[in-house]
Structures are given as C-alpha cells and as structure tokens.
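# Chain and residue survey
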Amino acid sequence: MPALGAGDGGRTPAGRVAFDIPGGELGLALERLATQAGLQLLYRPELVEGRRAAPLREKLTPAAALRRLAGAAGLRVEAVNGNTYVLSARAPAPAAPAPAATARAARPTRMPAPIPTVYVTGTHIPRSDIGAVTPSPVTLISRSEIEASGHQTLFELLRAQPGMLGHHPVAVASDGGAGIQQPFAAAATTSLNALGPRATLFLVDGRRVANYGLISSELGGLADLDAIPLTIVERVEILRGGASAIYGADAMAGVVNIILRKRQDGGEGVARHGVSSRGDAAESRLSYSHGMETAEGGEVLLGVDALHRDELLGSARAWRTMDHRRHGLGDRRIPLGYRDYDLNLLNRQCAHAPADVAGECLLDIPRFTSLQPSSRRWSAYGHLGQPLADGVDLTVDLRAGAADQSLTNAPFHARIAIPEGHPDYRPDTDLDYAFFDIGPVRSHSDTRTLDGTVALSGWRGAWGWSAALSHHHNRVDARIDGLVQYTQFDRVTDEGGYRFDGTPNPPELLSALSPPLSTRGEATLQQFGVDLHGPWFALPGGQARIAAGLELLRDVLEHRPDPLMVEHDIALGPQKVPVDSQQRGAGLYAEVNLPVSTRLQVDLAARVDQREGYGRRWSPKVGLKWSPLDGLTLRASGATGYRAPSLFETRRPSVVDELDLVPETPGLAPCAYVFAFGPDERYCLIGRSARENPDLRPETSRSHTVGLVWAPAANFSASLDHFRIRRSNEILPGSATDDPGAFPLSLVRDENGELIGIDAYFANVGLTDVRGWELDLQGSWDTAQLGRYTVRLAGHYLDRLERQAVPGAPRQEFAGYQTPDRSALGYVQWRRSGWQATLSARALGPVKAGGPVDGCPRLNREAGRCRTPGWTSFDLDVAYSWPHWRVALNMRDLTDRAPVNYDVDRGGYDIALDDPRGRFYLLSLSRDF
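These numbers come from a predicted model, not from an experiment.

### A few points about the overall build of the chain
Across its full length, the chain carries twelve helices and 52 strands. In terms of overall size, the chain behaves like a compact globule, its C-alpha atoms giving a radius of gyration of 30 Å where 929 residues would be expected to give roughly 30 Å. Seen through its principal axes, the chain has C-alpha atoms that stretch 100 × 60 × 50 Å. Across the chain, contacts joining residues at least 24 apart in sequence account for 71% of those joining residues at least 6 apart. When the accessible surface of the chain is totalled, it reaches about 36,400 Å², and 56% of it is carbon and sulfur.

Dropping the structure here:
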C-alpha cells in the first residue's frame, strides 16, 4: 500500500493551509497535499491509476482539501488519527491493505486505529509510491512508546533497544582505560551492532549534529545524546545496516534519526518527579511548549525544558564493590600500606582515610565513584513553518541548551617510592597510598549547545525541491580537581614537606600539590544541502521516482587541554595534545525507486563524497522488495560504507611519554640500550611516545540484510531479518610492540640504526565481521468491553562477532564476551476510556567471563563463575487522562533487581547495561492549555 507523508510526524494543524497544487495526475496531487499539510495518506495504487485532479490553490483545512481532491475522484476519506487518512473506493470493494502499528506490514486486510506516522529514514525520496515495508529494517519508537517507557533521557531510551550498546558518561569519562585516573569527556551515547559509536550516525531531523566538544581517547568524537531533551522528541527511527549511499560517512552500522516535534495546538505543561525506592537518585523535570497556527497557514512551536538529577555514589549500593568474596571470586580491594619489592604487604597504613576505610586500610574504588552524575540541564526549542509566495515554504528550527554535570571518582592513589631522608621513608619498600586529604577526584563540565537550521522548500510542477543551511556548535568547559602534579609532588616529597603518616598537611601545600585543571573543547559543524525529487517515467508497478542532491559541510574541532596536561605534568594521566583543525567535505547523491511491478520494487542509490585530505569515496546501495503473496513481503539490501578519519584521529593518540623495558625481538633489534637479565632474557630500554600518521585512510564496510515481513491481518505483523557487516581498514591506535609489521612507522632509531624509541599512532589495521538477526512482532486487538490491547516484542541476536587486531593475525570470536549476544524488549499495553497501562520487559542474555584467547580466568573457573547470568527486568506505567489533564505513575525495575557481574574488574555491575538505581518511581502531571 502506498504510504504518503511529509515525514515530520507532527499533528495536522486545525486551521487552514494555503495549498498550491496544480492539476494533473491524482497521485501527484495527493503527494503535494500530504507534503504541504503534513498528512499521512494510505491507499491502494489502483485507486489513483488513470485518475486526474483539478488545480487547488486556496486556503482550506487539510481535511477539507483532501476531501475535495479525493471526493472529486470518487474516493472515500476516512480519518485514522490526527494526521493519518485512508482512501478507499466509494462502492463496496475487497478490503484494502494497510500497514501495521509501525508501518512494517505490506498488505493487511483492514486498517487498525490508531497507527503512528509511517517513517521515511533511509531515503531522500518521498514515500508516495512505496509500500509501508522498507528494504532495510527500520525500528520506530513512537511518542506514545517514549511516554510509556518512563525514560527521561534519549540515552536511556536508546540503550534499552535490542542491539544497541550504551556508553555511559561515567564510563566515557574514564579516559584512557585501566590505570588512568584523569576523568575527561563525559558524553552519553550509544552504538549499533557492537561496532562502536563511530560506526553509528546520529541525525536530528535528518541532519548531522556537532559532536561533543571534548574527545574520548578510546571512543573518539561522540554525539552527546543527553544534549537533546526527550520532551521535544516526536519519534526516533533506527535504520539498521549500511547507509553511506544515503547519508555519507559514518553510517556503517546504521543510522539513528531523531525527529523533533513540529506542531502543537495550544500549550502543554509537564511536571515530573522521580526517586528510587531507597529515597535517593532523585530527579525533577519541568517543561512547557506552546504551538499555534500563523495567519498564513503556517505553524509555530516554542518549548522550554529543565531537568535536575542528584548524584548517586557507589557507596549507596551494597553490590558496588571490588569485594567479590560473596561470589567466590576473592577480594579485589587495594590494601594500603608499605610493601617490599616482592609486593608483600609489610604493614597497613592509610593516613587521613575516612572511618569506613581506616579500619582495614582497604581502598574500594567503586564505593567512591559516581553511579549517576549530578546534572542540571535546560534547553529551549523553536520551530517555524511558514508558507511564502508561489508555493514556497520557509522552515526555521532553533535549539539551544546548557548542562552542568559533575561526577566523582576515588581519591588519587598510587604506589610511591618515598625518597631516602624523608621522615616516612622505609628502606627497601614502596608505599601504596591514597591522597584522602586532597579529597576525591571530581570532574565538572559546563556544556553549551546551539543548533539552527533555515530551509526553503517548494514545488515546480510535479517536482519538489528543498535547500537548507544549518549551524551546529557544542562547547565544553571542564574542570578537574583532586589530581596530583608530578613536579610539585617531587618537590614536596624531596623536601619532606608532605607527610604520609597522618600528620596534617597544610592546606596551601595541598593546593599546590593538586592544582585545578581546566580544559575547553569546541566542535562546530556547518552544512548546506539542496535536494530535488520527482517522477521520472512510468513502469508497470507505477511511477518511477528519482531524488538527487548536493551536500556541503565544514567540520571544526578546537581542543585546548590544561597546560599541565599538555606538558604531561599530571600523574597517571595521558598526555593531551591541543587540536585546532577543520575539514571540508562535499557529497553528491542520487536515488531511484523502480516499481517494476505491483509486487516487485527496486531501490538504487549512489553517493560520491569528497573529504579534504582523503579524496573521493563511492558508496552504492541496492534494495529489493517482493510480495509473492498478499501479506508476505521478502526484502533485501546491500550497501557499502565508509568513515573518514576524524579530526582527532589525524593527530597523535593520547599516550604517556615514559621510559620502558620491552623484550628484544628480531623485529625490534638492534637496540641502543640492552639489559640482560638472563641467557634468554634481553630487554631494550626505549622511550615511549606518539606521532601523527599522514597516510591514514578511511575505514570501509560492506553490509547486507535479508528478511521477510508477514502481515496476515491488519492487527498483526512480524519481521525477521539477517544482517552482516564487514568493516575493514579499521583505525586503531598501536605501536611496534603490538605488531612491528602493522606499525612500521613506530620504530625510532638513532643514526646507527639502533632502536631508541617506540611511537604509537593511528593506523588502518583492524577488521570486524559481525552477523546476526533482528526480530519484530507487534499486534493490537480491540474488544467490546475490555478496551484495546497492544503487544510488541523486539529481539536481537548476535550470531558472530569476529575481530582481527592487525593484518595476518588470527580472527577472534567475541560474540557473548563483554556484552550479551542476545537481547529483547517487549510490552503489553491496555487502553480503555481514559486509562492506559503498559507492562514492559527487558531481557538480556548471559555474558562470558574472560576473552576469546585465554577463555575463562582461572579464578572464575574454580568458583564456577564463567558466565554472568542473563536477567530480565519489568517496568509498569499507569496513566489516566481527562479533559486537559493527564497523570501517570511509572515504576521501573519492579523486582528491584540487584546487578550481578562476574567480571572482577567491573565492580559488581555492567555500566553499559544495568540501571544502578534499582526500583524507581516517576510521577508525571501534564495539562493542556
């Protein structure tokens, strides 16, 4: 069934619209009406074949305009919801097909009500002549599903989706991995299909946005999802599989398109307050939006939103600890005190420690670390859609936001070699010490975002056009307290000024030892695009359509670390490098939709991108859709993708410059300085550093999906899809100690050819091959007495996840390690009169301990803990609506599940998957004005 819509998902304005529709084919006239009015029209193709429409150039309500066009052609108009209409023949006819609840059905026999707007992510061609099934699988999260979920941020909503992995701000801030105590970038983002956030493209209303201003050493540039308040989101569309032919770089694993609200009649105020069952982790939200129609038939929407969240520390949850004795996995807390050179603990000492640590002198790092940062966020959003002269429409979107976020880490701790002559010196020992008197390491970030778009669109005959200019900016000012400066530490310990035995240290000494660090980062993205689409030629299945366009962009990154970070004068922190770079790019694309017959359609797309410094990239895509039977559609797609090196990757990676001993191997020899510890133990003394790689190339990918959609009735649909994505030339940091052949630029030799240093750099060395399955089932039933029931189940299974670190190395199978290889999300919803109740369930499979090379660690094997068990959590949302009012109570994690994790390094839970709050209550009250 053709599904025709404007693609913004807003409600139809109640007032009149200035229509400008020329006479001609009825199908084209309906397309223009849907675009100009923001309607969704559903009808059988044969209903409009050979029919003509008279010109329509006047102000009418969308419903009146539709009835005039369709009524003159002998068609009946039936409203399904606020912006969706079904066209059918006036005379009795066989039941017309209609899409299922998220428009995945191909040919159901009757229309259910209500249904959400059909999505269009994955193409630039208006969906006037394509059935509701898309060649590539697309997941829609509607506004009603967002409300019923109880999630308050876009990050929380997306990380709960099957096949998506969350990258929590606390984890992102752990910059540099194990042993690094310098918190940094604190963005929140997600990624698809285990390929990381750099392979998932995030769009807002179909356009790219600027990355978070600070860069993660491990994850690179990130889209900060928390910068977009969930209250202004109309729906979210997730396109799975490669889409570089449509959207250009980065869309290798898929695309997440966040559609913002555009239309609203009158005002709406919402107040929310939530708290855990333990009385902590409280959050409050206030939002107000107001929409109206302009005198010329346009629309205006203005909104503001404010969110406050309290910090939640690890000490508030008993399971957040490195003491794993309850699982038979030992105690991983750090004993503080003096050790001999064989690491034997001689005596415990934990000066200045709080009472709960001083007894045993055991540092339990997770107890001091934030489970949830404290945050204060506000945002303002405005939209204007205004018809201009000669059928041209103006659209202006503006979004501004600010966020203050703070998170806490354990006090700085290290193994210290106290110099001889210091009052606390002990011969032949080192001291494991935590600087409790300095206080915890705290990071505070102040983020400002600004996004603006101005667009013009219109029609010339049967052809539509658009042009848009947008500017996106993200600035982060961060401050870190509690770290230790190398040079000051050496000075105060050499002079004996700092005491480790509990003697109070003067405040001025502590201030000099631990100066505050300030860092600023700014990311700017500017875009301009033009698009043209329309009919091409007739085919047996209908009119072939084409879309073509040009996109220009400018990407700017400015990164100003604190001078002490640049000078590498901060203990146990990676050296930071200032960045001041920009990159220009251009893309030219074309798409063709070919309805070869009424049951077979082909989509072709191609795009050529030019990125400054990396030449041209060609990205094709093909999609097929075949309906051999009514209610059954087979689909397939194949595509290539790419990701150009980010501005961060064109620089040197963040590494610690230091001296190191490495085993002498044929690939490293000869070495300038060799130390022999035995006949077969020869080590090279080298200096570790980093460098840039001028030969870095884009990552590339190939992907395909094959699946089917079964819709035997209007109230039920099921889809099953298999996907495979192979990413090559992966950009990874490394050095000759990882593989001399893969990193030939890493070796630094003197004039005699002897090795004196090893530099790390980014190189195209990795490969990932991922395969899996996606399942989506949904249905709805109306009963005479008991109301309406809706059921949905979505599932993801990761069949294979093969990774190759460097060329020639064996491939390792990672599926089921670190993250579950299966996940599911489902709900049952009941509606009757003003009541609505939704019971949701989220299920995750088990996770293997260890890794594919060494398998289950010995300690885990002995304790019988080689798999962290899978789990299921349940949420309940109950709402009641009456004129102008709505009240809702959402209860997350009904069973108050305590997280369990047998990876001894994770401190009791998986930050990417678990909600540390436990049972959580959220009360919402809204009123329409």
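Text resumes after the structure shown.
### Overview of the state of the cysteines
Evaluated as defined, the whole model comprises three disulfides. Each bonded cysteine of the chain is numbered by sequence order, and under that numbering the disulfide pairs are 1-2, 3-4, 5-6.

### Digging into the sheet that holds strand β12 (residues 200-204)
Strand order in the open sheet made by the five strands is β9-β14-β15-β12-β13, with mixed pairing throughout. Two strands lie at the open edges of the sheet, namely β9 (138-141) and β13 (207-208), each paired on one side alone. Taken together, the four bridges between β9 and strand β14 (residues 233-240) define a ladder with antiparallel strand orientation. Each residue of the ladder has a partner; that of I141, found in β14, is V236.

### Some details on the packing of aromatic side chains
Applying the stated criterion to the full structure yields 17 aromatic pairs. An angle of 50 degrees between the planes, with centres 5.2 Å apart, marks the rings of W319 and Y909 as tilted. With W319 in the loop between β19 (312-313) and β20 (334-335) and Y909 in the loop between β51 (885-892) and β52 (920-928), the pair connects residues that are 590 residues apart, well separated along the chain. Here W319 matches Y909 in class, with each residue buried. Ring centres 5.5 Å apart and planes at 45 degrees place the aromatic pair F435 and Y498 in the tilted group. Separated by 63 residues along the polypeptide, F435 in the loop between β28 (429-434) and β29 (440-460) and Y498 in the loop between α9 (486-494) and α10 (507-513) bring together distant segments of the chain. For Y498, a relative accessible area of 0% puts it in the buried group. Chaining the aromatic ring pairs together yields one cluster made of F412, Y433, F435, F489, Y498 and F500. Above the plane of the ring of F814 lies R803, whose end atom (NZ or CZ) is 5.3 Å from the centre.

### Focus: the environment of V138
By secondary structure assignment, the location of V138 is in strand β9. For V138, a relative accessible area of 1% corresponds to the buried category. For the pair V138 and L469, spaced 331 residues apart in sequence, the C-alpha separation works out to 27 Å.

### Side note on a nonpolar patch on the surface
Among the surface-exposed residues, W626, L634, L708, W710, L720, W773, L775, L793 and Y797 lie close enough to one another that they form a single nonpolar patch of about 770 Å² accessible area. Of all elements in the fold, only β40 (699-713), β43 (755-783) and β44 (787-804) reach the threshold of two or more residues within the nonpolar patch. Within the secondary structure, L720 is located in strand β41 (residues 716-734).

### A closer look at the sheet that holds β28
Read from one edge of the open sheet, four strands run β22-β21-β28-β27, paired in antiparallel fashion. At either margin of the open sheet sits one strand with a lone partner, and together these are β22 (345-348) and β27 (413-416). Between one strand axis and the next, the sheet turns by 20 degrees as a mean value, whatever way the strands run. When strand β21 (residues 337-340) meets β22, the two strands line up antiparallel, connected through three bridges. Considered in β22, the bridge of G337 is made with R348.

### What to know about the environment of I258
Within the secondary structure, I258 is located in strand β15 (residues 254-260). Separated by 336 residues in sequence, I258 and L594 have C-alpha atoms that sit 28 Å apart. In contact with I258, other than residues within four places in its own chain, are L154, L203, V204, D205, L225, I228, V233 and R235.

### Observations concerning the nonpolar core
Formed by 36 residues in total, the largest nonpolar core has its most connected members in L154, L158, V236 and I258. Contributions of two or more residues to this core are made by α4 (154-159), β12, β14, β15, β41 and β44. Looking at this core, the element that brings in the most residues is α4, giving four residues. Those residues in contact with V236 that lie beyond four places of it in its chain are T139, L140, I141, L154, L157, L158, V256 and N257. A37, Y43, L60 and L75 belong to the second largest nonpolar core, which has 27 residues in total.

### Description of helix α2 (residues 62-72)
In an α-helix, one full turn covers 3.6 residues, which means residues spaced three or four apart are oriented alike. P62, A63, A65, L66, L69 and A70 are the residues of α2 that are buried. End-on view of α2: buried residues confined to an arc of 160 degrees, all on one side of the axis.

### What about the pattern of salt bridges?
Throughout the structure, instances matching the rule amount to 65 salt bridges. We note a salt bridge from D915 to R917, for which the minimum N-O separation is 3.0 Å. The class for R917 is buried, based on a relative accessible area of 3%. Because the salt bridges share partners, they merge into one network encompassing E156, E283, R309, D875, R892, D915 and R917.

### Some details on helix α1 (residues 26-37)
An ideal rise of 1.5 Å per residue puts 16 Å on twelve residues; α1 measures up with 16 Å between its terminal C-alpha atoms. For α1, the tally of buried residues reaches eleven of twelve residues, placing the bulk of the element in the interior. Residues of α1 that are buried include every one of L26, G27, L28, A29, L30, E31, R32, L33, A34, Q36 and A37, and no others. Where α1 ends, the next residue or the one after it, G38, has phi of about 75 degrees, a positive value.

### Some points on the confidence of the model for the chain
Atomic detail in the predicted coordinates should be set aside for any region of low pLDDT. In this model, the chain carries a mean pLDDT of 87, and residues with pLDDT of at least 70 account for 91%. Throughout residues 1-14 the model reports pLDDT below 50, and contacts reaching past four residues in sequence, or to other chains, amount to 78 contacts. Contacts of residues 91-120 to residues separated by more than four positions or lying in other chains number 111 contacts, the stretch itself having pLDDT below 50.

### Points about the packing of α1 against α2
Helix packing geometry: the angle between the two helix axes and the distance between the axes. Close contact between α1 and α2 brings their axes to 11 Å; oriented N to C, the two are set at 180 degrees. When the axes of α1 and α2 are compared, the pair comes out roughly antiparallel. Here L26, A29, L30, L33 and A37 of α1 come into contact with α2, specifically with P62, A65, L66 and L69. The residue makeup of the contact of α1 with α2, split by class, is nine nonpolar, no polar and no charged.

### Quick look at unusual backbone geometry
A cis geometry characterises the amide bond from A669 onward to P670, with omega recorded as 0 degrees. With respect to the helices, strands and loops of the structure, P670 is situated in the loop between β37 (658-663) and β38 (674-678). Phi is positive for S833, close to 55 degrees, though the residue is something other than glycine. Tracing the sequence through the fold places S833 in the loop between β46 (822-832) and β47 (835-844).

### Overview of the environment of A194
Within the secondary structure, A194 sits in the loop between β11 (189-192) and β12. Separated by 151 residues in the primary sequence, A194 and Y43 place their C-alpha atoms 39 Å from one another. Not counting the four nearest positions on each side in its chain, A194 is found in contact with L798, L801 and R803.

### Section: the side chain of S873
In this fold, S873 is placed in strand β50 (residues 871-882). Residues contacting S873, with those up to four places away along its chain left out, are S840, A841, R842 and D893.

### Some remarks on the side chain of D877
When you line up the elements, D877 lands in strand β50. The buried charged residue D877 lacks any salt bridge, with R886 as its nearest oppositely charged partner at 4.5 Å. If we ignore the near neighbours within four places in the chain, the residues touching D877 are E147, A148, Q836, A837, T838, A888, L889 and N890.

Rules of the game
- Residues numbered from 1 in each chain as written.
- Predicted model: local features only at pLDDT ≥ 70, side-chain atom pairs only at ≥ 80, totals over all residues.
- Heavy atoms only, no water.
- Helix = DSSP H or I, 4+ residues; strand = E, 2+ residues; numbered from the N terminus.
- Rg over C-alpha atoms; globule rule 2.2 N^0.38 Å.
- Contact = heavy atoms within 4.5 Å.
- Areas by Shrake-Rupley, 256 points an atom, 1.4 Å probe, with all protein chains shown as cover.
- Disulfide = S-S within 2.5 Å.
- Pairing = 2+ DSSP bridges.
- Phe/Tyr/Trp six-rings, centres within 6.5 Å; stacked < 30°, edge-to-face > 60°.
- Buried < 20%, exposed > 50% of the residue type's maximum accessible area, 1.4 Å probe, protein only.
- Lys NZ or Arg CZ within 6 Å of the ring centre and 35° of its normal.
- Patch = residues over 30% accessible without salt bridge, like charges linked within 9 Å, V, L, I, M, F, W, Y side chains within 5 Å.
- Salt bridge = Lys/Arg side-chain N within 4 Å of Asp/Glu carboxyl O.
- Axes fitted to C-alpha atoms, helices over the stretch in contact; angles between N-to-C directions.
- Core = buried A, V, L, I, M, F, W, Y, C linked by side-chain atoms within 4.5 Å.
- Arc of directions from axis to C-beta.
- Expected span 1.5 Å × (residues − 1).
- pLDDT = per-residue confidence, 0-100.
- Parallel < 35°, antiparallel > 145°, perpendicular 65-115°, else oblique.
- Nonpolar A, V, L, I, M, F, W, Y, C, P; charged D, E, K, R; others polar.
- Lys, Arg positive; Asp, Glu negative; His and termini not counted.

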